[in-house]
Amino acid sequence: MAQAGAFANCTLHRHSCPFSQLPAPRRPLRNLVVRAATALPAEYKQVAPAGNRVFVKVESGDDKSTGGILLPSTAQKKPTEGRIVNAGTAAAVKNGDKVVYSKFAGTEVELEGSEHVILKEEDVIGVLSTDDIGDLKPLGDRILIEVAEAADSTKGGVILSTAGRDRPTIGKVVAVGSGKGDESGNIVKPTTTAGSSVLYQRYSGSEFEGNNGRSFIVVREADILAALS
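The chain goes by 20 kDa chaperonin, chloroplastic in an unreviewed UniProt entry, where it is assigned to Apatococcus lobatus. The UniProt entry for the chain carries the following comment under Sequence similarities (unreviewed entry): "Belongs to the GroES chaperonin family."

Right, here's the structure in full:
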């Protein structure tokens with residue numbers, strides 16, 4: 001109570017009062033999620049995923065440039081990818097496939113010192129046969145789009161910085177998934193076709209950077225707003 005009274009008396013003498021120099025109390029951190037891999041004991045050598053899940057060995061992205069310069073996470077070009085160790089009962093992928101998956105999906109597991117992730121088959125974005133995301137084979141109802149380049153100047157001729165350029169939502173379809181099962185179990189194929197130009201929903205999908213600075217995005221067919229011609 002004495003300290004509280006001292007604070008009250010300091011309202012008119014903030015520069016000389018010792019209590020006025022105390023740091024403000026910190027607010028508790030909320031919604032802070034820390035993801036840590038579950039380290040499996042040494043006696044376990046194999047993981048058999050349950051249900052429609054797959055077990056993937058993670059392939060970490062490059063954290064250095066070709067010149068050896070350490071890159072920030074935003075500058076790393078490789079997508080979240082890995083190699084399927086156990087495909088379980090999955091129908092669209094198999095053991096040995098190199099896959100790209102949703103960044104915040106799955107449960108991370110450390111097995112024999114290597115990072116792995118257990119994913120639902122639904123969280124696998126596509127199968128990658130090369131090191132270029134432009135060669136991705138999207139799964140389900142997903143659509144791989146090469147994003148159109150943003151305008152680098154305004155109508156008045158003012159050159160825009162990278163941050164000032166409008167984020168484009170137009171692109172050309174590169175590849176289309178085989179379709180998604182309906183309530184009856186029948187596969188419904190996408191109506192969008194490769195080679196068509198489309199307008200897609202802003203802030204949808206997963207973005208990637210391919211070779212030669214090309215930008216790609218993978219969206220659901222439901223995120224395609226219109227075909228352009």
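Now that the structure has been shown, we can carry on.
Turning next to the overall build of the chain. For the chain, the helix and strand inventory stands at one helix and 16 strands. When each of the 229 residues of the chain is scored for burial, the buried share is 28%. The contacts of the chain with a sequence gap of at least 6 include a subset with a gap of at least 24, amounting to 58%. On the chain, roughly 15,500 Å² of surface is accessible, and the fraction owed to carbon and sulfur atoms is 51%.

Looking at the secondary structure, you find Thr-169 in the loop between strand 9 (142-147) and strand 10 (170-176). With residues up to four places along the chain from it excluded, the contact list for Thr-169 reads Val-198, Leu-199, Tyr-200 and Arg-202.

A full pass over the atoms with the stated rule returns nine salt bridges. Between Glu-122 and Arg-220 there is a salt bridge, with the nearest N and O atoms lying 2.6 Å from each other. Separated by 98 residues along the polypeptide, Glu-122 in the loop between strand 6 (114-120) and strand 7 (124-127) and Arg-220 in strand 15 (residues 215-220) bring together distant segments of the chain. A relative accessible area of 25% places Arg-220 in the partly exposed class.

With that out of the way, let us pick up the sheet that holds strand 8 (residues 137-138). Taken together, the eight strands give an open sheet; going across it, the order is 1-5-6-2-3-4-7-8, and neighbouring strands pair in mixed fashion. The outermost strands of the open sheet, each flanked by one partner alone, are strand 1 (38-39) and strand 8. Inspection of the sheet shows strand 1 paired to strand 5 (residues 107-111) by two bridges, in the parallel sense. Along strand 5, the bridge assignment pairs Thr-38 with Val-109.

Counting through the fold element by element, Ser-204 comes out in the loop between strand 13 (197-200) and strand 14 (206-209). In the structure, Ser-204 is positioned 20 residues away from Ile-224 in sequence and 9.6 Å away in space, judged by C-alpha atoms. At a separation of 2.6 Å, a polar atom in the side chain of Ser-204 contacts the main-chain carbonyl oxygen of Gln-201.

Below, the discussion takes up the nonpolar core. In this structure, Val-54, Val-56, Val-93, Val-99, Leu-119 and Val-124 are the most contacted members of the largest nonpolar core, which totals 15 residues. Listing elements by their share of this core, those giving two or more residues are strand 2 (53-59), strand 4 (98-101), strand 6 and strand 7. Filtering out sequence-adjacent residues up to four positions away, Leu-119 remains in contact with Asn-52, Arg-53, Val-54, Val-56, Tyr-101, Ala-105, Gly-106 and Val-124. Listed in part, the 10 residues of the second largest apolar core include Ile-133, Leu-144, Ala-175 and Phe-208.

What counts as what
Residues numbered from 1 in each chain as written. Predicted model: local features only at pLDDT ≥ 70, side-chain atom pairs only at ≥ 80, totals over all residues. Heavy atoms only, no water. UniProt positions renumbered as here; feature names shortened; annotations may be inferred. Helix = DSSP H or I, 4+ residues; strand = E, 2+ residues; numbered from the N terminus. Buried < 20%, exposed > 50% of the residue type's maximum accessible area, 1.4 Å probe, protein only. Contact = heavy atoms within 4.5 Å. Areas by Shrake-Rupley, 256 points an atom, 1.4 Å probe, with all protein chains shown as cover. Salt bridge = Lys/Arg side-chain N within 4 Å of Asp/Glu carboxyl O. Pairing = 2+ DSSP bridges. Polar contact = N/O pair within 3.5 Å; in protein donor to acceptor, adjacent residues only side chain to side chain. Core = buried A, V, L, I, M, F, W, Y, C linked by side-chain atoms within 4.5 Å.

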